[in-house]
Amino acid sequence: MQVLKFGGSSVANAANIQKVVAIVQKAILKEPTVLVVSAMGGITDSLLETGNFAATANETYKELLKQMENRHLDAVRELLPIQQQSATLSLVKQQFNELDGICDGVFLLGELSPRTKDRIVSHGELLSSLIISATLQSLQIDQVWVDARKFITTNTHHGNAAVDFTVTEKKIQNYYTQNPHQLYVVPGFISSDGNNNTTTLGRGGSDYTAAIFAAATQATVLEIWTDVSGMMTADPRLVQNAKPIQRISYQEAMELSHFGAKIIYPPTIQPVMSRNIPVWIKNTFAPDEYGTLIENESAVTDSFIRGISSINKISLLSLEGSGMIGIPGFSKRLFEALANESVNVILITQSSSEHSICVGINEADTEKARRSIDHGFSYEIQSGKVEPLKVESGLSIVALVGEQMKSHPGVSGKMFGALGRNGINVRAIAQGSSEKNISAVLSAVDVKKAINVLHEEFFETTYKQLNVFIAGTGNVGGKLLGQIKKQCQYLQDDLRLQIQVIGLANSKKIYVNEDGINLDNWKEQLQQAPAGTIHDFVKLIIEKNLRNSVFVDVTANSEVAGVYGSLLEKSVSVVACNKIACSSAYTSYQHLKALSREYNAMFLFETNVGAGLPVIGTLNDLLRSGDKVNRIQAVLSGTLNFVFNNYNGTKPFAQIVRQAQDEGYTEPDPRLDLGGTDVMRKIMILAREAGQHVEMDDISNQYFLPASCFEGSVEDFYTEMSKQETHFKTIYEAAAADNCKLKFVASYENGKAAVGLRHIPANSDFYHLYGKDNLVLFYTDRYPEQPLVIKGAGAGADVTASGVFADIIRVAR
């Protein structure tokens, strides 16, 4: 014998029922079969609504009954040949006549008792099973309709009746021994008490019916057919890459189901679990897919975690006080207080000091639990032995489930480490000694993020996903997006890294797509996006609360730099091409670094100095390995190097600067470069990274631009430079007379920094520095005479974008 159960979605309409019939026709070729069916999808809720309408004297119940009747009659007409319809149509009408009579009585009395409610809802399964039985009969299958109420005997607890298994199993076994058939069609969910009054089996009742029949008949398998292909490693509505679980133990399945995986209801599989009958979860709409096989033993696989689940709308109740220490009975009294109000405890945790105990309960039970506990401990609270009950709501429980966890050390560390790195605060922890489950209580707003983080940590062997938000889509930003698009396949194949651009912002608009922005047409998408500010963009990033989030700033905007702190506080890593934050007041720079450490979010700004050159990374490597930086000499402006490498007095100085700007080497306002401000910022950042407390005012700057060039707009600047051509020629000719080249050099030594235009002789490292190249010389304890040299292109959109890209990859690694 085998038992097949089909849920409401599987029998929701005639088309779906035909799928069920096709599956059953194949099944009965193997062995005799019990077919258990639920009511048509949505009918049970409609029947309950009908009863409630009638009880409140709302005549809408008549309209609802008519709608349901027509739905069932239509199904009969679609499923059965015309010449075989009349008997079944009569049966359906008979059932609805009975329902009309019951509801009319409820309407007149204005009362809906639990017993009457059971009678009303029982018609859902009776109707669907009678229609399916008639359909199978029309196909000349050896089948019989079996009224479950004649076999499943319960107590009188209507709505959730307890089964008398001894009596029930004896009735089922006697019937099947004496009435051999190929197929038995059974309505799920319904039963009867000792007086033959209709009762129902509560939540998951049809599954329970199937399990009872499977246990009584010693079935070879119980198949539960639903609208999904078995259990998943996580809720696919929350985790895009949730994977099917092919095999799982009873205990693991019950743990996952307890924590929100609603494929099965734990009590329903108890009868088959005690008989070691496998349960197979299958998909009516994809019958060839394997589904999930639930067995006694946990399947041995590479993954020792079987799945991740969650329960929402949780409240945490904490009872604390020194009067609890060493006094037996406090826990007993707490649980009695909750039991007296029928409050179900979902999670328990107690400190080893006995100073506190906390329990997790459904949020809906919070107030009655609070009243009961306050009353039960009123004396201790008034005398100060116990503090008033602390209640926290708006919480959820996330659970990691797997029987094989007990043989793998470090699972808890891996779990809480992953959550911590993503800024997810854990309020309470519980783990049983069997080590099948590790549960964490956390804020409800973090649930989706937490499940994705844990799923990536324990199940994603293929790749890690970074969710990237980019502010600034101009020259450098555009190049960065092009590089990400070009390299995405390489990163996924070779580094197991998927970079998903989720958000883009420019000075006017913001565009966010949680599924990832198509980088083929990002410009059009951004152009069509709504208007928004950088603060709107940050608000969206925080609201999305995605795992492994990275904010990338490729602007030169002080307002954008001002949002770093609020992002780091939410454990969003920051990659900054923008130098403003790191060159602001030292206290602000230190604050951002401290936030990065505190909230496990990376703050990277390699491109602040030398574009794509590994200047800051190299400096940090020196310091981390115990070296000491004594002196730094550097040409840090690709712009200024380009200008002075190309200016020889034959072309106007202003024309060379304009060329540098047109080729993308300068800041939006070239005066930041030519005035030395940009170089001052860079040497200050290097000095700070070397451990020095340096402010902009501490850096001396030997300006070569006349003061008049700093007045007015950028265009005014170019006009004034043209007027000052004689000044620039004089500077050039003085250097040429000394057989020197002009270089704008930054230096740091003994805690002091300076920048300025220098005459560079032929024997200097800086003399043969061409184009837009930068050169940095680190003199350290390990490199006292021959410095550590970093040289290469220090300006340009491509190399700057590549440096930002490298920082993004560092966040992942």
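Rules and cut-offs
- Residues numbered from 1 in each chain as written.
- Predicted model: local features only at pLDDT ≥ 70, side-chain atom pairs only at ≥ 80, totals over all residues.
- Heavy atoms only, no water.
- Phe/Tyr/Trp six-rings, centres within 6.5 Å; stacked < 30°, edge-to-face > 60°.
- Helix = DSSP H or I, 4+ residues; strand = E, 2+ residues; numbered from the N terminus.
- Buried < 20%, exposed > 50% of the residue type's maximum accessible area, 1.4 Å probe, protein only.
- Axes fitted to C-alpha atoms, helices over the stretch in contact; angles between N-to-C directions.
- Parallel < 35°, antiparallel > 145°, perpendicular 65-115°, else oblique.
- Contact = heavy atoms within 4.5 Å.
- Pairing = 2+ DSSP bridges.
- Salt bridge = Lys/Arg side-chain N within 4 Å of Asp/Glu carboxyl O.
- Right-handed = clockwise from strand over helix to strand, strands pointing away.
- Polar contact = N/O pair within 3.5 Å; in protein donor to acceptor, adjacent residues only side chain to side chain.

Student: Would you explain the packing of aromatic side chains in this entry?
Tutor: Describing an aromatic ring pair means giving the distance of the ring centres and the angle of the ring planes. Within this structure, the stated rule accounts for 26 aromatic pairs. Where Phe 151 meets Phe 213, the ring centres are 6.5 Å apart and the plane angle is 70°; that geometry is what we call edge-to-face. Taken together, the positions of Phe 151 in the loop between β3 (143-145) and α6 (165-178) and Phe 213 in helix α7 (residues 205-216) put the pair 62 residues apart, joining distant regions of the chain. Both rings, one in Phe 644 and one in Phe 653, keep their centres 5.9 Å apart while their planes meet at 45°; by these two values the pair is tilted. The same class applies to Phe 644 and to Phe 653, which are both buried.

Student: So what exactly am I meant to see when it comes to the packing of helix α3 (residues 60-79) against helix α5 (residues 114-138) here?
Tutor: Between two packed helices, both the angle of their axes relative to each other and the distance between the axes serve to describe the pair. In contact at an axis separation of 10 Å, α3 and α5 are set at 10° when each is read in the N-to-C sense. In terms of their interaxial angle, α3 and α5 are classed as roughly parallel. Taking contact as the criterion, the partners of His 72, Val 76 and Leu 79 in α3 are, on α5, Leu 127, Ile 131 and Thr 135.

Student: What's the story with the sheet that holds strand β26 (residues 752-760) in this structure? I'm lost.
Tutor: Through backbone hydrogen bonds, the strands of a sheet pair up, either in parallel or in antiparallel fashion. If you walk across this open sheet you meet the six strands as β24-β26-β25-β23-β27-β28, and the pairing is mixed. Edge positions in the sheet fall to β24 (700-702) and β28 (788-793), since each of these pairs with one other strand and no more. With strand direction ignored, the average angle separating the axes of adjacent strands in the sheet is 15°. Here three bridges tie β24 to β26, and the two strands are oriented parallel to one another. For Asn 701, the partnering residue across the bridge sits in β26 and is Val 755.

Student: Explain helix α22 (residues 638-646) here, please?
Tutor: Counting buried positions along α22 yields seven of nine residues, so the element is predominantly enclosed. Within α22 the residues assigned to the buried category are Gly 638, Thr 639, Leu 640, Asn 641, Phe 642, Val 643 and Phe 644.

Student: Is there a simple way to explain the pattern of salt bridges in this structure?
Tutor: Across all of its chains, the model carries 31 salt bridges by this definition. Measuring nitrogen to oxygen at the nearest pair gives 3.0 Å for the salt bridge that ties Glu 689 to Lys 593. A residue pair is termed long-range when its members are at least 10 positions apart, and Glu 689 in helix α25 (residues 677-689) and Lys 593 in helix α20 (residues 586-598) qualify at 96 residues. An identical accessibility class is assigned to Glu 689 and Lys 593; each is buried. Glu 749 is the salt-bridge partner of Arg 631, the closest N and O atoms lying 4.0 Å from each other. Remark: Glu 749 occurs in strand β25 (residues 741-749) and Arg 631 occurs in strand β23 (residues 629-635); sequence separation between them is 118 residues. Taking relative accessible area as the criterion, Arg 631 reaches 24% and is therefore assigned partly exposed. Assessed through its relative accessible area of 41%, Glu 749 is described here as partly exposed. Through salt bridges with shared partners, one network takes in Lys 66, Glu 69 and Lys 93.

Student: Even after reading the chapter, I still don't get the pairing of strand β18 (residues 497-505), so can you show me in this structure?
Tutor: In regular strands, side chains alternate between the two faces of the sheet. Most of β18 sits out of view: nine of its nine residues are buried. Across eight bridges, strand β17 (residues 464-471) lies against β18 in parallel orientation. Each residue of the ladder has a partner; that of Gln 465, found in β18, is Gln 498. In this fold, the crossover linking β17 to β18 by way of helix α15 (residues 475-494) has right-handed handedness. Note: β18 against strand β19 (residues 510-512), three bridges, orientation antiparallel. Looking at the pairing, Gly 503 lines up with Val 512 of β19.

Student: Got a minute to help me understand the side chain of Asn 641 in this structure?
Tutor: Within the secondary structure, Asn 641 is located in helix α22. Judged by its relative accessible area of 3%, Asn 641 falls in the buried class. Polar side-chain contacts of Asn 641 include one of 3.5 Å to the backbone oxygen of Gly 771. If near-sequence neighbours (up to four positions away) are discounted, Asn 641 is found in contact with Val 635, Lys 743, Leu 769, Tyr 770, Gly 771, Lys 772 and Asp 773.

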